[in-house]
Amino acid sequence: MAARMDLDGRPIKPMTICMIGAGGFIGSHLCEKLMAETPHKVLALDVYNDKIKRLLEPDSLPWAGRIEFHRINIKHDSRLEGLVKMADLTINLAAICTPADYNTRPLDTIYSNFIDALPVVKYCSENSKRLIHFSTCEVYGKTIGSFLPKDSPLRKDPAYYVLKEDTSPCIFGSIEKQRWSYACAKQLIERLIYAEGAESGLDFTIVRPFNWIGPRMDFIPGIDGPSEGVPRVLACFSNNLLRREPLKLVDGGQSQRTFVYIKDAIEAVLLMIENPDRANGHIFNVGNPNNEVTVRQLAEMMTQVYTKVSGEPMLQSPSIDVSSKEFYGEGYDDSDKRIPDMTIINKQLGWNPKTSLWDLLESTLTYQYRTYAEAIKKSMAKPTAS
Ligand SMILES: NC(=O)c1ccc[n+]([C@@H]2O[C@H](COP(=O)([O-])OP(=O)(O)OC[C@H]3O[C@@H](n4cnc5c(N)ncnc54)[C@H](O)[C@@H]3O)[C@@H](O)[C@H]2O)c1
Ligand SMILES: O=c1ccn([C@@H]2O[C@H](COP(=O)(O)OP(=O)(O)O[C@H]3OC[C@](O)(CO)[C@H]3O)[C@@H](O)[C@H]2O)c(=O)[nH]1
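Residues numbered from 1 in each chain as written. Chains lettered and ligands numbered in written order. Predicted model: local features only at pLDDT ≥ 70, side-chain atom pairs only at ≥ 80, totals over all residues. Heavy atoms only, no water.

**Q** When you look at the site of ligand 2 in this model, what are you seeing that I'm missing?
**A** Surrounding ligand 2, one finds 23 residues, the nearest of these being Tyr102, Glu138, Tyr182, Arg232 and Asp334. Lysine 248 has a polar backbone atom sitting 2.7 Å from a nitrogen atom of ligand 2. One nitrogen or oxygen atom from the side chain of arginine 338 is found 3.0 Å from an oxygen atom belonging to ligand 2. Starting from 670 Å² of accessible surface for ligand 2 in isolation, the protein chains cover 95%. Going through the elements one at a time, helix 4 (99–102), helix 8 (233–242), strand 9 (247–250) and helix 12 (324–328) are the ones with two or more residues in the shell around ligand 2. Of the residues assigned to the shell around ligand 2, the class counts are 13 nonpolar, three polar and seven charged. (Near = heavy atom within 4 Å. Polar contact = N/O pair within 3.5 Å; in protein donor to acceptor, adjacent residues only side chain to side chain. Areas by Shrake-Rupley, 256 points an atom, 1.4 Å probe, with all protein chains shown as cover. Helix = DSSP H or I, 4+ residues; strand = E, 2+ residues; numbered from the N terminus. Nonpolar A, V, L, I, M, F, W, Y, C, P; charged D, E, K, R; others polar.)

**Q** I keep staring at a nonpolar patch on the surface and nothing clicks. Help me out?
**A** A surface patch of nonpolar side chains, amounting to about 300 Å² of accessible area, comprises Leu107, Tyr111 and Ile115. With relative accessibility at 34%, the residue isoleucine 115 sits in the partly exposed group. (Patch = residues over 30% accessible without salt bridge, like charges linked within 9 Å, V, L, I, M, F, W, Y side chains within 5 Å. Salt bridge = Lys/Arg side-chain N within 4 Å of Asp/Glu carboxyl O. Buried < 20%, exposed > 50% of the residue type's maximum accessible area, 1.4 Å probe, protein only.)

**Q** Honestly, the packing of helix 11 (residues 295–310) against helix 14 (residues 357–381) in this entry has me stumped. Any pointers?
**A** A pair of packed helices is characterised by two quantities: the angle between their axes and the separation of those axes. Look at helix 11 against helix 14: their axes get within 9 Å of each other, and the N-to-C directions meet at 55°. In terms of orientation, helix 11 and helix 14 fall into the oblique class. Crossing of helix 11 over helix 14 shows right-handed handedness. Only Leu357, Trp358, Leu361, Glu362, Leu365, Thr366 and Tyr369 of helix 14 make contact with helix 11, whose side of the interface consists of Leu298, Met301, Met302, Gln304, Val305, Tyr306, Lys308, Val309 and Ser310. Its residues placed into classes, the contact of helix 11 with helix 14 shows eleven nonpolar, three polar and two charged. (Axes fitted to C-alpha atoms, helices over the stretch in contact; angles between N-to-C directions. Parallel < 35°, antiparallel > 145°, perpendicular 65-115°, else oblique. Left-handed = near helix turned anticlockwise from the far one by under 90°. Contact = heavy atoms within 4.5 Å.)

**Q** Explain the environment of serine 317 to me, please; I cannot follow it from the model alone.
**A** Within the element layout of this structure, serine 317 appears in the loop between helix 11 and strand 14 (319–322). By relative accessible area, serine 317 is classed as partly exposed at 47%. Along the backbone, serine 317 and isoleucine 283 are 34 residues apart, and their C-alpha atoms lie at a distance of 43 Å.

**Q** For this particular structure, what's the right way to read the pattern of salt bridges?
**A** Two side chains bearing opposite charge may form a pair once their charged atoms approach each other closely. Inspection of the entire model under this criterion finds 28 salt bridges. With its nearest N and O atoms 3.2 Å apart, the salt bridge here joins aspartate 277 to arginine 10. Within this pair, whereas aspartate 277 is found in helix 10 (residues 276–279), its partner arginine 10 is found in the segment before strand 1 (16–20), the two being separated by 267 residues in sequence. Between arginine 54 and glutamate 32 there is a salt bridge; the shortest N-O distance is 2.8 Å. With arginine 54 in helix 2 (residues 53–56) and glutamate 32 in helix 1 (residues 25–37), this residue pair connects regions lying 22 residues apart in the sequence.

**Q** I keep staring at the UniProt feature "domain: NAD-dependent epimerase/dehydratase" (unreviewed entry) in the protein chain and nothing clicks. Help me out?
**A** Here, the residues flagged by UniProt with the feature "domain: NAD-dependent epimerase/dehydratase" (unreviewed entry) are residues 17–287. From the first C-alpha to the last, residues 17–287 spans 24 Å; its make-up is 35% helix and 18% strand. (UniProt positions renumbered as here; feature names shortened; annotations may be inferred.)

Below you can see the structure in the form of structure tokens.
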């Protein structure tokens, strides 16, 4: 492999990365990229490894010896500190991060996103190790614009809705809206990491992903996850399409999101890993401001793309409206609009997303169809116990 150069033309030394949550959606793509394109070694920590199994066996793979899986629950495992010490860089992805859990399992959500991350920050700080911590775009909460009267012309002014790392406020709902337990825990761990940087000299980078989507995201209920489980919207809508059910639009599907292709976003993370002088001390939005849709528009686009990739006809009524109380239960609330400002990541790392929403949905739904269509047909053909 030819020597890799950083953005300032210096050769990049191979490093050891302790990746916590490596078995999840983002972790699996990051491991894949690091194995295929870099000489770095990965200590992959997670409680599951199904999504990275392909990278771990057999021993004949070109990257054998550069990735090691450690089945560890960071809540209670004394091996964690040793693994952080062995690495040059720790990346923490571990979290409960599906909205259906925020209002129904708020304690687990807060422990996972704040308490369980504390030792990771402490070990990095005490051992002078660099940390890349995964936060979320949800720390912005609701936009300022959402509090303006519906007909206010200011709602159209980007100053009232574009989310900037260094100036936008974090606006959450009341405490009984337990949806915000996740965002609030993520905000507090960001503040703690920032304070460790300021007071103890911790070298950190904080990543705020804006709806990264692609293959291997979450699970399909009843196939590779619990039948009653509620994953994030990409997997919910994929599941509905695969089962030929109408897509459920929560509260009319009026919320807006910007979606970025996982493979574009992983490029940004690799730039952070390999350019510490440009990434340390920064908080980065990572998203695609050009891919904004309402959830209703997302449902329509996914339906069209799925019809194309599966060859199956569209349903007569492709979507139905459901209330958030019915779908998520008590205490749900929502972010109205999420457009990332890209100034900081552009200036520091020269990164820009490339893939349009249509193209990323086409490759993702092709994957979903190839991976799940047969299994779903079989499971639906099974007689149910009466
Ligand atoms: N995917 C996105 O668009 C997105 C958006 C915003 C924020 N994030 C953040 O990025 C990170 C990764 O997200 P993802 O989409 O890959 O989620 P994911 O659920 O697929 O991955 C998280 C992984 O962490 C592991 N994990 C959780 N608790 C653990 C523990 N105690 N010990 C060991 N492993 C544990 C899980 O088993 C899982 O494999 C999270 O911190 C999430 O909050 C992701
Ligand atoms: O069947 C469904 C499922 C969801 N919705 C609505 O879609 C919007 C997006 O939902 P989702 O992708 O599940 O989650 P969020 O974008 O709200 O939150 C995530 O953002 C980043 C992250 O931090 C980690 O991934 C997470 O918190 C939303 O409006 C749902 O109500 C639907 O209509 N139908």
